[in-house]
Every structure is written in structure tokens, then in C-alpha cells.
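# Topology and contacts: notes
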Amino acid sequence: MQLRSLTLPDHPAVFAPMAGLSDAACRHLMADHGAAWTVSEMASAKAITFGDKKSIALLRDAHPHGVYAVQLFGAEPETVAQAIGIIRDKGVAFDILDLNMGCPAPKITSGGAGSRLLLDPALCGRMVAAARQALGPDTPLTVKMRIGWDGDHLTGVEVARECERAGADLLAVHGRTREQMYIPPIDPAAIAAIRQAVQIPVLANGDITSAAGAARLLEQTGCAGVMIGRGALGDPWLFERVNAVLAGQPEPPLPSLNRRMAALRAQVYEMCEEKGEWTAMPQARSQAMYYMKGLKGAASLRRYCSMLEHFPDVDRLIDTACRLQD
Ligand SMILES: Cc1cc2nc3c(=O)[nH]c(=O)nc-3n(C[C@H](O)[C@H](O)[C@H](O)COP(=O)(O)O)c2cc1C
């Protein structure tokens, strides 16, 4: 797949942006296990134009592993364009710029951003056009969206067409409306309708937890690739399994407990190095919980995760988890 100057795999499996979860350590792990590219946590274009250092820090990755996209959310085309200029001036390195048109959180939609944009397809087009102009011709511009706002406003097809017309290079479509948040199963037919409406590549997103699930969703939607979020947390090997199956190769075996625990330890270690233990450890609790999935004693291990305070606690958690599996 070619996105402007960037050459990418033909059937990419991409690591989804997740605020509070897809930090640098998490992205590096996913990239090292085969994610075709990774996306930052979302940052506010408006906050960036106000000079908010934390928002810029969210996007900065001193040593990105592989292809790296930064994601902005905003409600006004001019603000997004200005924010792109600022992050460039501040030296934030990125390969792809992604616009958030999918976030369902009221604190984002109440300001007109995220999935609220889906109610105004023409505005979505203007957002993309402004971002396109600010980026220049070489940098790929992608859009992360949902299939609509609610059952009465299934605007995904219109939004996709506007985005394509305005210069978007790829769309990632989470197969739910805003109203559905994360609960009912995704709607592959709605993703397929969006895919059929545009010429640019579309990634199918939502609830992929296995290589077979990824292959099935590609077959159902005809999409060029997949985007995977929660399913890869605690299981970065999912990208290796998906890549193998999409390439027609045998699926690699699941990782051993030791490899899983070593990955958890390395991830939390990198988080502590990047942000300091004080900031990292509360965030490490939710990452650690994903690694406990499917283990014997998972409920008590998850309680243990919620009490992680210092890095050595991770080693104690791992010892306990391993002992419980004997
Ligand atoms: C905790 C959490 C945070 C998220 N943050 C973002 C975000 O910052 N930007 C975005 O576009 N989507 C965000 N999403 C949506 C995911 O990218 C993805 O579309 C959704 O989780 C469905 O995919 P999955 O089932 O593979 O996780 C978030 C989802 C979760 C669960």
C-alpha cells in the first residue's frame, strides 16, 4: 500500500489509538511485534494552539519504532491547521497525521469534536482540507471515524466521501455509531458500505481478538487492512498472528507465560523510564490487567494489578502469577 511518499504493507494491521493506553512504550511493543504503524493518543488541537505542553508531549516520541502517526482532535478546521504548524515547529516527528472523528466521550463531543463531527459531513471535509493544506503534499493524512452518530444519522458514507474528496489518504472505520459507544457487536456491513463508497484504502476496526477474526472481518468488509486496539493489549503477538494469517502462512503458536510476563515487565520498565514511576505506575495497572487475561486466578491477579505502586511490585505480581499457574 502506498500512502503518498510512504510505502506500507498491502494488508496492514495497525495499532489503534487509545487515550491513556497507547503511550510510547505500548506503541513500541506493538510495532516490534508487527503493527504496520502505530498511532499516538489523541491530543487537542485547540490546547496545542494555546501552547499546552502536555498535549504536545503526548505526541512526541523521541525514538519511534516503525511508522508513527499522531492523532489530533478538534472542531474547527483553522485550529487543526494551526496545531499542525505548531507541532512541526516544535520538532514533533511523525510519518502520518490522523484526525479523530470517532471519539464518543461527552467531554470531546460537547465541544463539537470527535464523533460529533459525523453530524456534519461538509465540516469533516473542511477539516481534512485544512489539515491537507497545512501538511503539504508529502505527508499522509488519515481519518479515524465511526459509521455514524446514531441509527438515525448513519452518515459514515457521506463523511467518507467528503474526506476522500478533501484529500484524506486512508480511513479507519470503527464499526459502531457514537450512540453505541463500545457495547453491541460491530456492524461489518456498515464498514463495507463505507469501503465501497471510496477509492482510498479503508481499515476495518472493532473487536478483533484473533487472527481468524481479522481475516473474517476483511472478508466481510473487503477492507484493505485492519486496525486493532484492545485485543492487542497484553497480547502484542496478535499482530504476528494476524500478519501470518493474512499472508497465507501458518499461525504462530501463542506465547509462553514467561514471554508474556517478560513483555509486561519490559513495557512497565519503559513507561517508568519515560514518565517517571509516579506517573507511570497508575497507568501500568491497567496495562498489567490485560496481561492477566486467561490466567488461573485472574480475578485475584487483577486485584493485585490495581495495587501496583512501585516498579518492584511488578516483579512480585509476576512471581504470583507464575506460581498460580503451576
Ligand atoms: C480506553 C480507550 C481509549 C481510546 N482512545 C482513542 C483515541 O484517543 N483516539 C481514537 O481515535 N480512538 C480511541 N479509542 C477507540 C479505539 O481506537 C478503537 O476504535 C476501539 O477501541 C475499537 O477497537 P478495538 O475493539 O480493537 O479496541 C479508544 C478506545 C478505548 C477503549
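Since this is a predicted model, take the numbers as computed values, not measurements.

### So, the overall build of the protein chain
When you go through the protein chain residue by residue, the secondary structure sums to 14 helices and 10 strands. Here the C-alpha radius of gyration of the protein chain, 19 Å, is about what a compact globule of 326 residues would show, namely 20 Å. Judged by the C-alpha coordinates and their principal axes, the protein chain covers about 60 × 45 × 35 Å. Out of the 326 residues belonging to the protein chain, those deemed buried represent 51%.

### Considering the site of the ligand
Around the ligand, the structure places 22 residues, and the nearest of them are Ala16, Ala19, Met42, Gly229 and Arg230. Among the residues making up the shell around the ligand, the classes are represented as 9 nonpolar, 9 polar and 4 charged.

### Considering helix α1 (residues 24–32)
For α1, the tally of buried residues reaches 8 of 9 residues, placing the bulk of the element in the interior. Buried within α1 we find Ala24, Ala25, Cys26, Arg27, His28, Leu29, Met30 and Ala31. Trailing α1 by a residue or two, Gly34 shows a phi angle of about 115 degrees, which is positive.

### Digging into the nonpolar core
Formed by 104 residues in total, the largest nonpolar core has its most connected members in Val80, Val128, Ala131, Leu171, Val173, Leu203 and Val226. Two domains share this core, each providing at least three of its residues, namely domain 1 (2–246) and domain 2 (257–325). Once residues within four sequence positions are removed from consideration, Val173 is found in contact with Met145, Ile147, Gly156, Ile191, Ile194, Val202, Leu203, Ala204 and Asn205.

### Some details on the pairing of strand β10 (residues 225–228)
Look at any regular strand and the pattern is simple: side chains alternate between the two faces of the sheet. The side-chain alternation of β10 yields two buried faces, one formed by Gly225 and Met227 and the other by Val226 and Ile228. Here strand β3 (residues 13–15) runs beside β10; their pairing, made up of 3 bridges, is parallel. Of the residues in β10, the one forming a bridge with Ala13 is Val226. Sheet analysis places strand β9 (residues 202–205) next to β10, joined by 3 bridges and oriented parallel. If you follow Ala204 over to β10, its bridge partner there is Val226. Since β9 and β10 lie parallel, the crossover through helix α9 (residues 211–221) that links them has a hand, and here it is right-handed.

### Points about the domain arrangement of the protein chain
By the assigned domains, the protein chain splits into domain 1 (2–246) and domain 2 (257–325). Taking only C-alpha atoms, the centre of domain 1 and the centre of domain 2 are 28 Å apart. At the interface, 11 residues of domain 1 touch 11 residues of domain 2. Taken together, the residues that form the side of domain 1 that touches domain 2 break down as 7 nonpolar, 3 polar and 1 charged.

### Section: the packing of helix α11 (residues 257–275) against helix α12 (residues 277–291)
Running from amino to carboxyl end, α11 crosses α12 at an angle of 160 degrees, the nearest separation of the two axes being 8 Å. When the axes of α11 and α12 are compared, the pair comes out roughly antiparallel. Note on packing geometry: the crossing formed by α11 with α12 is right-handed. Of the residues in α12, those in contact with Arg260, Leu264, Gln267, Val268, Met271, Cys272 and Lys275 of α11 are Glu277, Thr279, Ala280, Gln283, Ala284, Gln287, Ala288 and Tyr291.

### Quick look at the environment of Leu301
Relative to the helices and strands, Leu301 is located in helix α13 (residues 298–305). Given 20 C-beta atoms within a 10 Å radius, Leu301 is considered buried. Between the C-alpha atoms of Leu301 and Trp37, which are 264 residues apart in sequence, the distance is 31 Å. Apart from the residues within four sequence positions on either side, Leu301 is in contact with Met292, Leu295, Thr320 and Ala321.

Conventions adopted
- Residues numbered from 1 in each chain as written.
- Predicted model: local features only at pLDDT ≥ 70, side-chain atom pairs only at ≥ 80, totals over all residues.
- Helix = DSSP H or I, 4+ residues; strand = E, 2+ residues; numbered from the N terminus.
- Rg over C-alpha atoms; globule rule 2.2 N^0.38 Å.
- Buried ≥ 20, exposed ≤ 12 C-beta atoms within 10 Å, placed from the backbone.
- Near = placed C-beta within 6 Å.
- Nonpolar A, V, L, I, M, F, W, Y, C, P; charged D, E, K, R; others polar.
- Core = buried A, V, L, I, M, F, W, Y, C linked by C-beta atoms within 7 Å.
- Domains from an automatic or database assignment.
- Contact = placed C-beta atoms within 7 Å.
- Pairing = 2+ DSSP bridges.
- Right-handed = clockwise from strand over helix to strand, strands pointing away.
- Axes fitted to C-alpha atoms, helices over the stretch in contact; angles between N-to-C directions.
- Parallel < 35°, antiparallel > 145°, perpendicular 65-115°, else oblique.
- Left-handed = near helix turned anticlockwise from the far one by under 90°.

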